[in-house]
Amino acid sequence: MVELKDILIKELSSEFVCNVCMDYLFDHDNFHTSKAILQCSNGCVHCLKCWTKHFETSKKNCLTCREPIESIESLSKNIILKKQFGNKKIQCPNICFEKSSEKDEVNGCKEVIKIEDCFSHLSKCNHRYISCTMEGCTETFRALDLDKHLEKCGFASIDCEHCEMKIKKFAVKEHIDNDCSKTIIKCKYSDGGCKAEFKREDADNHIKDVDHKEFIQNIIDQHKEKHEVIKRKYEDTENRLVTAEKKLAEFDQIAKKLKINCENLTSRIDSTEKYQCNWVIYNYSEKFRTYPNGAMFASPAFWLGSYKFNCELYLNGYKDYSDFLSIFLFKKNHPESSVQARYSFELVNRNPSKSVKYSNSSTFDKDLGYGFGSFRYYKKVEINEESGFVVDNKIIFNIVVDISPPTSSNVLISQ
Ligand SMILES: [Zn+2]
Ligand SMILES: [Zn+2]
Ligand SMILES: [Zn+2]
Ligand SMILES: [Zn+2]
Ligand SMILES: [Zn+2]
Ligand SMILES: [Zn+2]
Ligand SMILES: [Zn+2]
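Parameters and conventions
Residues numbered from 1 in each chain as written. Chains lettered and ligands numbered in written order. Predicted model: local features only at pLDDT ≥ 70, side-chain atom pairs only at ≥ 80, totals over all residues. Heavy atoms only, no water. UniProt positions renumbered as here; feature names shortened; annotations may be inferred. Pairing = 2+ DSSP bridges. Helix = DSSP H or I, 4+ residues; strand = E, 2+ residues; numbered from the N terminus. Axes fitted to C-alpha atoms, helices over the stretch in contact; angles between N-to-C directions. Donors = N, O, S within 2.8 Å, 3.2 Å for Na, K, Ca; no water. Tetrahedral: all angles 85-135°; square planar, octahedral: opposite > 155°, others 65-115°. Core = buried A, V, L, I, M, F, W, Y, C linked by side-chain atoms within 4.5 Å. Buried < 20%, exposed > 50% of the residue type's maximum accessible area, 1.4 Å probe, protein only. Salt bridge = Lys/Arg side-chain N within 4 Å of Asp/Glu carboxyl O. Phe/Tyr/Trp six-rings, centres within 6.5 Å; stacked < 30°, edge-to-face > 60°.

Looking at an unreviewed UniProt entry, one finds the protein named TRAF-type domain-containing protein and attributed to Dictyostelium purpureum. Turning to the protein, the UniProt record has this under Subcellular location (unreviewed entry): "Cytoplasm". The UniProt entry for the protein carries the following text under Function (unreviewed entry): "Probable adapter protein and signal transducer that links members of the tumor necrosis factor receptor family to different signaling pathways by association with the receptor cytoplasmic domain and kinases."

Now the structure itself:
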């Protein structure tokens, strides 16, 4: 809502302010219809609200000078102050948007008027907000936009281009499509081949005058055909559904079998406690040259349950043990737990009775990076073709690792 202070050209001086409520002496939002300004016989002026409130408490004196006053009716009117007030200049309240104190600098009323002329200006101001007069329309707009609004207002009526009936704009399409008696329409049997077109009001006569049997039969045939197509599609879909269901059942069976297999495999893997393999090392002579003292050559990893192991080989020994081939077993995972393992390395000889096997039992501690074995199991000079350990330039280690809990039969004892 626009208030007086929002549109005053110059702020009013203190003589226009009520010294009780410190607001203007005039009705703030209804200043343009302002009632009389009342004063006591000593000339104390107050706003109407303050005077009214004061006398409601049945006091019988002036708010300021305490002079006895019988009632609000015995106050006199300050005509001069009212006249001065009426001469003050304001912007037309229609400078603001509707029901707002925000100014509309583009479309608002730019007129500056006297307060006493405000009421009559508002009634003819082109920028005042009005409501659309079309029944059903709830839009409001500035008076000067009336024509623009009516052009697009769906509740405004226009003449039907066919029958000249007055129709509300939003209903015109509906009228022409379904009701208008003068609109040209096709025969309702046009799908069956009747090419006639006529005003809607002549439809009944056309049906009477022309024999439509053939057209109706055509339509029935078309429907039968469509029905057949739909039926075939339906049957086809049903067949495919049955096939899909069968396949699904087959897949289900397969999945069940796979699941069982998988569970078996998992339990077998988890329960693997003994591992045996031949570690075949090809191109022994080349490797012997390329892995000098201290250079390590690792086997692929293998698993016992959830434990991962591998073997590591120093073909030319390690540091002081340069006369030996050194081999070790390492635990490669689970740094958080230790495991007891019995293991053996057997360097295979062409003559099995000459194969050399070393067995041991160690606790593979929590930490990784520490393997078990020996720097001195095999003397390098003894590993060659003549001795039978190198065959076709390859050597073979038979490796056995067992982490099953020790029983009396599988414990290794070294005295
Ligand atoms: Zn007051
Ligand atoms: Zn007041
Ligand atoms: Zn007084
Ligand atoms: Zn105006
Ligand atoms: Zn409207
Ligand atoms: Zn019409
Ligand atoms: Zn027809």
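The structure having been displayed, the exposition proceeds.
(A) Just the sheet that holds strand β18 (residues 356-364), in detail. With respect to topology, 4 strands assemble into an open sheet ordered β12-β20-β17-β18, the strand pairing being antiparallel. Of all the strands in the sheet, just β12 (274-281) and β18 have a single pairing partner and so form its edges. Averaged over all adjacent pairs, the angle separating strand axes in this sheet is 20°, with direction ignored. The sheet contact formed by β12 and strand β20 (residues 395-402) spans 8 bridges and is antiparallel. Across the sheet, the residue bridging to V280 is I396, located in β20.

(B) Expanded view of the coordination of the zinc ion (ligand 5). Those donors, C132 (SG), C137 (SG), H149 (NE2) and C153 (SG), are the protein atoms that reach the zinc ion (ligand 5), and they lie 2.0 to 2.3 Å from it. For the zinc ion (ligand 5), the 4 donor atoms in the first shell make angles of 105 to 117° at the metal, so the coordination geometry reads as tetrahedral. Site description for the zinc ion (ligand 5): donor spacing in sequence, C-x4-C-x11-H-x3-C. Here the residue C137 occupies a position in the loop between β6 (129-131) and β7 (140-142), and H149 occupies one in helix α5 (residues 146-152), the gap between them amounting to 12 residues.

(C) Fine view of the coordination of the zinc ion (ligand 6). Protein-derived coordination of the zinc ion (ligand 6) comes from C160 (SG), C163 (SG), H175 (NE2) and C180 (SG), at a distance range of 2.1 to 2.2 Å. Viewed at the metal, the 4 donor atoms of the zinc ion (ligand 6) are separated by angles of 104 to 116°, and the geometry they form is tetrahedral. The motif formed by the donor residues of the zinc ion (ligand 6), counted along the single chain, is C-x2-C-x11-H-x4-C.

(D) Highlighting the nonpolar core. Counting residues in hydrophobic clusters, the biggest one holds 36 residues, and the most contacted among them are L4, L12, F26, F31, W51, F85 and I90. Grouped together as the second largest cluster of nonpolar side chains are 31 residues, I281, L304, L329 and V390 included.

(E) Broad picture of the UniProt feature "domain: TRAF-type" (unreviewed entry) in the protein. Here, UniProt's "domain: TRAF-type" (unreviewed entry) annotation points to residues 149-201. Counting secondary structure, residues 149-201 comes out at 23% helix and 23% strand; the distance between its end C-alpha atoms is 35 Å.

(F) Main features of the pairing of strand β16 (residues 324-331). Of all 8 residues in β16, 8 are buried, a share of seventy percent or more. The side-chain alternation of β16 yields two buried faces, one formed by F324, S326, F328 and F330 and the other by L325, I327, L329 and K331. Of the pairings in the sheet, the one linking strand β15 (residues 307-314) to β16 comprises 6 bridges and is antiparallel in character. For N310, the partnering residue across the bridge sits in β16 and is F330. By the bridge criterion, 5 bridges tie β16 to strand β19 (residues 372-379) in an arrangement that is antiparallel. In the sheet register, F328 faces β19, and the bridge partner there is G373.

(G) Seen up close, the pairing of β15. With 7 of 8 residues buried, β15 lies mostly within the body of the structure. Relative to β15, strand β13 (residues 297-298) runs antiparallel, the two being bridged by 2 bridges. Of the residues in β15, the one forming a bridge with A298 is E312. Pairing analysis gives 3 bridges linking strand β14 (residues 302-304) to β15, with the strands arranged antiparallel.

(H) Quick peek at the pattern of salt bridges. Under the criterion given, the structure shown has 16 salt bridges. In this structure, the salt-bridge partner of K60 is E70, at a minimum N-O distance of 3.8 Å. Separated by 10 residues along the polypeptide, K60 in the loop between α2 (48-56) and β3 (76-77) and E70 in the loop between α2 and β3 bring together distant segments of the chain. Given a relative accessible area of 56%, E70 falls into the exposed group. Two residues, K83 and E116, come together in a salt bridge whose shortest N-O distance is 3.3 Å. Of the two residues, K83 sits in helix α3 (residues 79-87) while E116 sits in helix α4 (residues 115-124), which places them 33 residues apart along the sequence. On the basis of relative accessible area, K83 is assigned to the partly exposed category, the value being 44%. On the basis of relative accessibility, which here comes to 39%, the residue E116 falls in the partly exposed class. A single network of salt bridges, built from pairs that share partners, joins E3, K5 and D6.

(I) Structural view of the packing of aromatic side chains. Going through the model one piece at a time under the given rule, you end up with 22 aromatic pairs. Taken together, a centroid distance of 4.3 Å and an interplanar angle of 5° make the contact between Y275 and F302 stacked. On the criterion of sequence distance, the pair formed by Y275 in strand β12 and F302 in strand β14 is long-range, its members being 27 residues apart. Its relative accessible area of 5% is what places F302 among the buried residues.

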